[in-house]
There are 2 protein chains.
Amino acid sequence: MTVYNFAAGPSQMFKEVLEQAANEMLDYNGTGMGVVEMSHRSKPFQAIQDEAEALFRELLNIPENYSVLFMTGGGSTQFDAVPLNLLVKGKADYLDTGNFANKAMKAAMRYGDIRCVASSKADVYTYIPKVTRADFDPDADYVHITSNNTIFGTRFKEFPDTPTPLVCDMSSEILSRRIDVSKFGVIYAGAQKNISGAGVTVVIIRNDLIGNAKPICPIMLNYKTYADNGSMYNTPPCYSIYLAMLTLRHLKKLGGVDAINVINERKAKKLYDFIDNTNFYTNKVNKEDRSIMNVPFVCATPELDAKFVKEAGENGLVSIKGHRLVGGMRASIYNAMPEEGVDALIDFMKKFELQNS
Amino acid sequence: MTVYNFAAGPSQMFKEVLEQAANEMLDYNGTGMGVVEMSHRSKPFQAIQDEAEALFRELLNIPENYSVLFMTGGGSTQFDAVPLNLLVKGKADYLDTGNFANKAMKAAMRYGDIRCVASSKADVYTYIPKVTRADFDPDADYVHITSNNTIFGTRFKEFPDTPTPLVCDMSSEILSRRIDVSKFGVIYAGAQKNISGAGVTVVIIRNDLIGNAKPICPIMLNYKTYADNGSMYNTPPCYSIYLAMLTLRHLKKLGGVDAINVINERKAKKLYDFIDNTNFYTNKVNKEDRSIMNVPFVCATPELDAKFVKEAGENGLVSIKGHRLVGGMRASIYNAMPEEGVDALIDFMKKFELQNS
C-alpha cells in the first residue's frame, strides 16, 4: 500500500531525496564516511553547507545584502531570538493570526513594548485581518507576522506594506511560492515542512539588522554569532543541512519555486473545490485567506471526524487528524506531497461520504 | 581502503547503526514512512524517543529523581542555559580546564557573579587542577566543570567533591565509562561524539533544579519547557534522537558502558604506550589527567606534523589534524572507533617514524 503522509511537520519528503540519503549513508561521495559522522570542519561537509546556502540564494533570489544563517531550535526559538536581536528602540508590532503568531507575540512581550496590531483570535483565526501601512507604528523596531498558519489553514496571500522591517515566520510555506525577499527584514523557517527533517532553522536576514542584540541575548541566539562564523561557531546540525541541500537540489530540478507553486496551487484548488462542492465536508476559512499548504476540514460531528481519521489511516492516508485547537482533519500538502496523494485523498473522501451519508 | 575517522566530533559512528538507518530510511518498521518525515506526535516516533530515554536511564543508571531532556543547540547553548536556569542566589564556581570550559565560564559571567576556582590556562591546559571541597563556595548556586577536554586531551579521572550541585559538560565522554549520576546536579552533552549525529543535546538534571529560570530565559532554553512537555513543546530534532536510540541499542548489545570502557581504556593505553615509547612523538599532557577519548600528539616540527596529517589521510586515517590552539595531531577515539582503527594508526605512526627519523 502506498502511504501518503499528511502530517503538518515533520512531513513527507521527496522520495528521491530519501533514496539518495539512504545510498550515501555509509559512504558520501567516495569519502568512506557518512555525512552524519563527518567533521563539520571537513571539506566535504563545508561543500554541502555552501551548496545549501547557494541553492537557497538561487531558488529564493535572495539579494546580496542578506545573510543566510543555519540555526537550531525551530521557529519557537526564534520567538525569543527575534526580540532579543531586533528590539533596539524597544517597540514592535505583531499580527495575531494563529497559535504560533500568538506565541511569538507573547514571547516578545517579555523583552519590550509589544503591540498587537490586529487579531483574528476571537473568530478562531479563520481569516487574516486586513491592515494598511497606516496601522503600523513607524517608530517600532519591526513588524512580525506568520505567513502561513499551519493549524488554522490561512495565509497572507499578499504581504502587508510596513514602515518598519517586516519579520516573517515562514516555516510552513517557505519555498512553496515566489516571494520578494527584499520586502522583508527577516524571514525564518523551521525545516520540517518544506526544507528538510527537523533540526535546522533557516534565517534570512538583511545585514544591517545583524549586530544589535541585547546584552542578555544568549550567544547561540545572537544572529551575529552565526553571521560572523559562517554558521559554524559551534557544530551545526549537519545532517539536517545535508537533507536540506538534497531537497533544494531536487526542487531546482523540478523547476524551482515557480514550478512547484503551479503544482501547489493545483493540488490545493482540487481539494478546496471538492470540499466546496459537497455538503458533507466543511472548511471554515475565509476563502481568500486559504492556505495552499494546510487544508483543514470537518465532517458534521466529532464522531464522524474520528471515524474518518481512523479509516483514512487504514487506507494509507496517515497523520491527517486536525490540531486539537481546531479538531476535524487537516491535510498538509507541502511541496513533497505528490498530486497523486491529493487525488487519493479526494477518492477516499468521496467513498467515505457515500458510506456515511 | 578502510577509512578510520579520528574527527573530534561529529565523529565515527557504529557501522551497524548507519546500516540500519540506511535500510529504514524510506520505511521505518513497516509504516511506509521514514523517521525523518514522521510527525513527532505519531506513535512510532514517540516510541523511538521513549526508547532513547529508557536506554539512557538504563545505560547510565540514572536515578528516578532526574529528568532526561532532549534539547538542541549543542554544548554552546548550554553555556548560557546553565546560568539562566540555575543562578538563583546569583553566584557560581567554574573550573577552567580548557577552551570550552573557558567559554562556558565567560558566557555565565553575563548573568551573575562567576568565580574561577582554578585554571590550567597558563600551562596550555595540559593538566586538571587539583581542588578540594574547601575550595568551593558553599553559598554558590553550582559548580561547573568540563569532564573531558576535547581539544587538550585531558579529563577528570575522579570528579570533584562539591558543596553545591555539580554541573558537568560531558559532551566528549558521556557513555564512555561508568559514572555516578547522583553526584551531579546537571550533566549535559552534545550528541556528536558518543551519542548520535549533531543536532540533539541531552540534559540529565535533578528535578529540584528545574523551575528556577530567570524571567529573561528564552522559552526554548528553559529546562522546565522540556521537563513539562516530554521534550516536545515544539518539534524535537527527531532524526538525531532516532540515531541516538540506535546507538544506545547497539551500545547495550555490546555490554553497556562498563564493557565499552574496558575497550576504551585498552585503545587509549595502546596509543599512549606507543607514544611514550618513542622519542619521535610527544603527548604533553600530565599523565594522570590523560583523556581516553582524545589523544593529542606532536612530532618535532610543524612541518613534520603537516606531513603526518597529509600522509595519514592518504592512508585512510582521516580528520586527525589537531585543533589550531594546540597544533599537531589529535586522535579522537570515541566509543565507535574500533580497536583496529587504533592499531592501524599505530602501524602508520611506526612507518612514518621510520621514514622520517
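Predicted, not measured: the structure shown is a model, and the values here were computed from it. Numbering of residues starts from 1 in each chain and follows the order in which that chain's sequence is written. As they are written, the chains are lettered A onward and the ligands numbered 1 onward, keeping that order. Reporting in this predicted model follows two pLDDT cut-offs: at least 70 for local features of residues, and 80 or more for side-chain atom pairs to be given and counted; totals over whole chains, interfaces and linings ignore these cut-offs and use all residues. Here the side-chain values reflect all heavy atoms present in the structure, with hydrogen atoms and water set aside.

Caption draft 1: How the structure looks around the sheet that holds strand S10 (residues 201-206) of chain A. All names here are of chain A. With respect to topology, seven strands assemble into an open sheet ordered S2-S10-S9-S8-S5-S3-S4, the strand pairing being mixed. At either margin of the open sheet sits one strand with a lone partner, and together these are strand S2 (66-71) and strand S4 (113-119). Ignoring strand direction, the axes of neighbouring strands in this sheet form an average angle of 15°. A strand pair is defined by DSSP finding two or more bridges across the two strands. Under the scheme used here, helices are H or I runs from DSSP no shorter than 4 residues and strands are E runs no shorter than 2 residues, and both carry numbers assigned from the N terminus. Across five bridges, the pairing between strand S9 (residues 186-190) and S10 is antiparallel. Residue pairing for S10: Val186 is matched across the bridge by Ile205. What counts as an axis is a line fitted to C-alpha atoms, over the stretch in contact for a helix, and the angles between N-to-C directions run from 0 to 180 degrees.

Caption draft 2: Main features of the packing of helix H1 (residues 15-23) of chain B against helix H6 (residues 238-253) of chain B. All names here are of chain B. At a minimum axis separation of 9 Å, H1 and H6 run at an interaxial angle of 130°. Of the possible angle classes, the one that applies to H1 and H6 is oblique. Both H1 and H6 take part in a crossing whose hand is right-handed. Where H1 approaches H6, its residues Glu16, Val17, Gln20 and Ala21 are matched on the opposing element by Tyr239, Tyr242, Leu243, Leu246, Thr247, Arg249 and His250. Looking at the contact of H1 with H6 residue by residue, the class counts come to six nonpolar, three polar and two charged. Oblique is the label for any angle not under 35 degrees, not over 145, and not in the 65 to 115 range, which are roughly parallel, roughly antiparallel and roughly perpendicular in turn. Note on convention: near helix rotated counterclockwise from far helix by under a right angle means a left-handed crossing. Clockwise means right-handed. We call two residues in contact whenever any of their non-hydrogen atoms come within 4.5 Å of each other. Gly is placed with the polar residues, together with every amino acid not listed as nonpolar (Ala, Val, Leu, Ile, Met, Phe, Trp, Tyr, Cys and Pro) or charged (Asp, Glu, Lys and Arg).

Caption draft 3: Looking closely at the sheet that holds strand S10 (residues 201-206) of chain B. Residues and elements named next belong to chain B. With mixed pairing, seven strands are arranged side by side in an open sheet as S2-S10-S9-S8-S5-S3-S4. Each edge of the open sheet is held by one strand with a lone partner, namely strand S2 (66-71) and strand S4 (113-119). In this sheet, neighbouring strand axes are inclined to one another by 15° on average, regardless of whether the strands run parallel or antiparallel. Bridge count between strand S3 (residues 91-96) and strand S5 (residues 142-146): three bridges; the pairing is parallel. Counterpart to Asp93 in the pairing with S5 is Val143. Relative to the sheet, helix H3 (residues 74-86) contacts S2, S3, S5, strand S8 (166-169), strand S9 (186-190) and S10, its axis offset from that of S9 by approximately 155°.

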